[in-house]
Amino acid sequence: MSKESLLVEIFTEELPPKALRNLSEVFAKEIVRGLIKTNLLEGVSSDLEAQSKYTPYATPRRLAVIVKDVLDVGPEQTFTEKLMPVKVGLDSEGNATPALVKKLESKGLSGIPVSELKIESDGKQDYLFVSGINAGRSLKADLQAILDHAIESLPIPKMMRYQLADGKTSVRFVRPVHGLVAMHGSAVIDTNAFGINSTNVSHGHRFMGRYSFEINSADTYEKQLLEEGMVVTNYNERKSYISSKLESMSSELGLNIGAGEEVENLIEEVTSLVEYPEIYVGEFEEKYLEVPSECLILTMRLNQKYFPLFKSNGNLSNKFLIVSNMKVADPSNIIEGNQRVVRPRLADAEFFFETDKKTSLEQMLEPLKNVVYHNKIGTQFERVARLQKIADYIASQLSSNPELAIRAALLAKADLSSNMVGEFPELQGIMGSHYAKLQGEPESVSEAIADQYKIRFDKEFTEESAISISLYIADRVETLIGIWGIGLAPTGERDPYGLRRAALGIISAFEALTNTDKSSSLSLREILLFTQSLFDDIPQTTAYEVEDFIYDRLKNQLYNSYSKPLVDSVLANRGPITEVIPKIEAVKEFSAAPEAESLSAANKRIGNILKKIDYVIPQIDTNIFAAPAEIDLYKDFHEIKDNLKEAFEAQRYKEVFLMLSKLKTPVDKFFEEVMVMDENIATRNNRLALLTELHEHMNLVADISLLAS
């Protein structure tokens, strides 16, 4: 046995940049898993142990992996295998039966004498076992199967079909393959993929490196690709270089590239677009800065993959950074070429903006009469009419300004017919907000138009943000009720209308009201029922189904922060969303108290008793009480009953549990000394009446029976 580094490289046409990292990581892991499975990776038996043994590589035109300490032949493997029951495999004289002979032949073990077989019992009967030693697996023999499996396992977003060089065979892969390298140390391992036989020949940068060259060994691969091919093969190193260079160059200019998910995603994307990155500074005419910055930022990032540069106050500058795939002594041609490319796009944005300004948002509404939202629920114009009514309803419940909410809803979708949003759909709402400001709309109206498309409602509740929250919720409940009502509820992973996202958005908006004086002003169910009334011909159960759907999303979201029993106990009562977190915190504190286990178990017991009662229980009659334990429980409970209700209605949930804790002793004593289902009907019903009232008050905040183990 000898061990060397193993190199496998698939050389292709340009791979999809947004999928490159994932393709690379899966390819490398599957190669490594195949080596582990065949015992060819020395000293490694799990993915975790293998982490330090391999390095994935990825550029726009290749997927590769280098694995250290790969054996050419694996160690011999001892084995023990169960064959068949002794009574089936041996005759009365202890000789092998035809069944045993056939079994051994099928396993390539012909000729093994019966004396070498072992007999062991499984507790029911004796079985024959065979033990032996298998020869070690061979890298040359197994690499083809390992490579095939790795290719089949790739998470390819979209396959393409292409024809091989023979002009007859068609294959499917993410992109056409033009080269395959498979080397163990300096030796080529014979494999084949997509009609191409493996060699030791790799390929360099299209313009700066050697087109093709021989790899001396797996260990020299990365160095040779850099020095001879001008290719930085290590994805993470390429990304790290780009990130640090963007930061240092922008800092030298006294500017910055901004922050957030969009910037991180763009860095990831350009890393997947270049093999030898270099950063250059470009600029555009300052006159374009009069166009809303979102338009310029979007076209630079989305269309050109440039990094717009910002001033310290957050304002956009007229400079941007270019991540190029070329390093040259004089980059002026590259810079000027990129500036020429971006200028027409900025000019287009300027033209769209200036043209749109000539039309009021009210005038932009007219074309929405011809834009179908869904053929079963009408046009966008009809949708706007519903949004106005829902926003009016919500704003009224919040004691806000319904007129402003109606105005915001009226103009909310107007920019869908604008030139700018027609070109850049990602700017819907943002452009509407700009146009609203330009035509003198109140600030709360323009902000609401911009806020409506946010994934989460991320503002604190104020008088000004009340208009935003009204439109935000209105937009989502209208979508949920309308789409759900026509039978398009999400199924499995499919959710083309974003109903799950809409539900999470509603939850975030209600959470913004938590701990404010408006926390109990909105009823989700009432909003859903009101919205349902605005649609014709949808099932009357729609609002309730959508409510369940939203609470299921809330439940799943809360499971990330709290235990399942805590969440389930609170949501079992289906209270206002704004009160869920305070309730959970109160239940969490209560569950740690010494009284919690006993009271939760008692509550569960009471619930089980009451479930079996199928008639109306009479009111409590104190004159019927006889047992000291039931008298004490009634007395202790009624001493705190009104205070429990008052504390609950004032949302002092922790105080509710403090009072309930005082009932532990009388409740325990009641169940120790009192027979609830007494033979005397009057006595039985009176005790059931007491438990019914107690059960109701014990579960004011949450169904604490769900805390019982």
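Residues numbered from 1 in each chain as written. Predicted model: local features only at pLDDT ≥ 70, side-chain atom pairs only at ≥ 80, totals over all residues. Heavy atoms only, no water.

1. Looking at the overall build of the protein
- Check the secondary structure of the protein and you find 27 helices and 19 strands.
- For a compact globule of 709 residues, the expected C-alpha radius of gyration is about 27 Å, and the protein comes in at 36 Å, more than 25% above that figure.
- For the protein, the spread of C-alpha atoms along the principal axes amounts to about 100 × 100 × 50 Å.
- Of all 709 residues assigned to the protein, the portion counted as buried reaches 49%.
- Across the protein, every contact between residues at least 6 apart in sequence was considered, and the portion connecting residues at least 24 apart equals 67%. (Helix = DSSP H or I, 4+ residues; strand = E, 2+ residues; numbered from the N terminus. Rg over C-alpha atoms; globule rule 2.2 N^0.38 Å. Buried < 20%, exposed > 50% of the residue type's maximum accessible area, 1.4 Å probe, protein only. Contact = heavy atoms within 4.5 Å.)

2. Structural notes on the domain arrangement of the protein
- Looking at the assigned domains, one finds that the protein contains domain 1 (3-74 + 139-228), domain 2 (81-134), domain 3 (235-357), domain 4 (362-561) and domain 5 (580-707).
- A separation of 43 Å is found between the C-alpha centroids of domain 1 and domain 2. (Domains from an automatic or database assignment.)

3. Thoughts on the pattern of salt bridges
- Within this structure, the stated rule accounts for 47 salt bridges.
- With its nearest N and O atoms 2.9 Å apart, the salt bridge here joins E30 to R33. On the criterion of helical spacing, the pair formed by E30 and R33 is a turn pair, its members being 3 residues apart in helix α1 (residues 20-37).
- For E30, a relative accessible area of 12% gives the class buried.
- Here D458 ties to K454 by a salt bridge, and the two come within 3.1 Å at their closest N and O atoms.
- One network of salt bridges, in which partners are shared, links R383, R386, K413, D475, R476 and E478. (Salt bridge = Lys/Arg side-chain N within 4 Å of Asp/Glu carboxyl O.)

4. Things to note about the pairing of strand β3 (residues 62-71)
- β3 sits mainly inside the fold: 8 of its 10 residues count as buried.
- In this sheet, β3 lies alongside strand β1 (residues 3-12) in antiparallel orientation, the contact comprising 8 bridges. Opposite K3, over in β3, you have L71 as the bridge partner.
- Where strand β2 (residues 54-59) and β3 come together, 6 bridges link them in antiparallel fashion. Counterpart to T55 in the pairing with β3 is I66.
- Counted between consecutive antiparallel strands, the loop separating β2 from β3 contains 2 residues. (Pairing = 2+ DSSP bridges.)

5. Side note on the sheet that holds strand β4 (residues 77-85)
- Read across the open sheet, the 3 strands follow the order β4-β6-β5; overall the sheet is antiparallel. In the strand order of this sheet, the two ends are held by β4 and β5 (118-121), each with one partner. This sheet shows a mean twist of 35° between the axes of neighbouring strands, independent of strand direction.
- Of the pairings in the sheet, the one linking β4 to strand β6 (residues 126-134) comprises 8 bridges and is antiparallel in character. Counterpart to P85 in the pairing with β6 is Y127.
- Each of β4 and β6 is contacted by helix α4 (residues 98-106), which is oriented at about 150° to β4, the strand it contacts most. (Axes fitted to C-alpha atoms, helices over the stretch in contact; angles between N-to-C directions.)

6. A short note on the packing of aromatic side chains
- Following the criterion strictly, the structure yields 13 aromatic pairs and no others.
- Judged by centre distance (5.7 Å) and plane angle (75°), the ring pair of Y57 and Y221 falls under edge-to-face. Taken together, the residues Y57 in strand β2 and Y221 in helix α6 (residues 221-227) connect sequence positions 164 residues apart. Each member of the pair, Y57 as well as Y221, is classed as buried.
- Measuring from centroid to centroid gives 4.7 Å for Y306 and F320, while their planes differ by 20°, and the two rings are stacked. (Phe/Tyr/Trp six-rings, centres within 6.5 Å; stacked < 30°, edge-to-face > 60°.)

7. Topic: the UniProt feature "domain: DALR anticodon binding" (unreviewed entry) in the protein
- As annotated by UniProt and renumbered to match this structure, "domain: DALR anticodon binding" (unreviewed entry) occupies residues 601-696.
- The distance separating the terminal C-alpha atoms of residues 601-696 is 15 Å; by composition the span is 71% helix and 0% strand. (UniProt positions renumbered as here; feature names shortened; annotations may be inferred.)

8. Quick notes on helix α19 (residues 524-532)
- Of all the residues in α19, the buried ones are L524, I527, L528, T531 and Q532. Projected down its long axis, α19 carries its buried residues within an arc of 135°, all on one side. (Arc of directions from axis to C-beta.)

9. Things to note about the sheet that holds β2
- With antiparallel pairing, 5 strands are arranged side by side in an open sheet as β2-β3-β1-β9-β10. Lying at the two open borders of the sheet, with one neighbouring strand each, are β2 and β10 (187-188).
- Most of the contacts of α1 go to β3, to which it runs at about 25°, and overall it touches β1, β2 and β3.
- Here helix α5 (residues 139-152) sits on the sheet and contacts β1, β3 and β9 (177-184); the angle it forms with β1, its principal contact strand, is near 40°.

10. A few points about the pairing of strand β8 (residues 170-173)
- Here β8 shows one buried face, formed by V171 and F173, and one open face, formed by S170 and R172.
- Note that strand β7 (residues 160-163) and β8 share 4 bridges and pair antiparallel. Residue pairing in the sheet places Q163 in a bridge with S170 of β8.
- Connecting β7 to the antiparallel partner β8 that follows it, the hairpin turn spans 6 residues, and G167 within it adopts a positive phi of roughly 75°.

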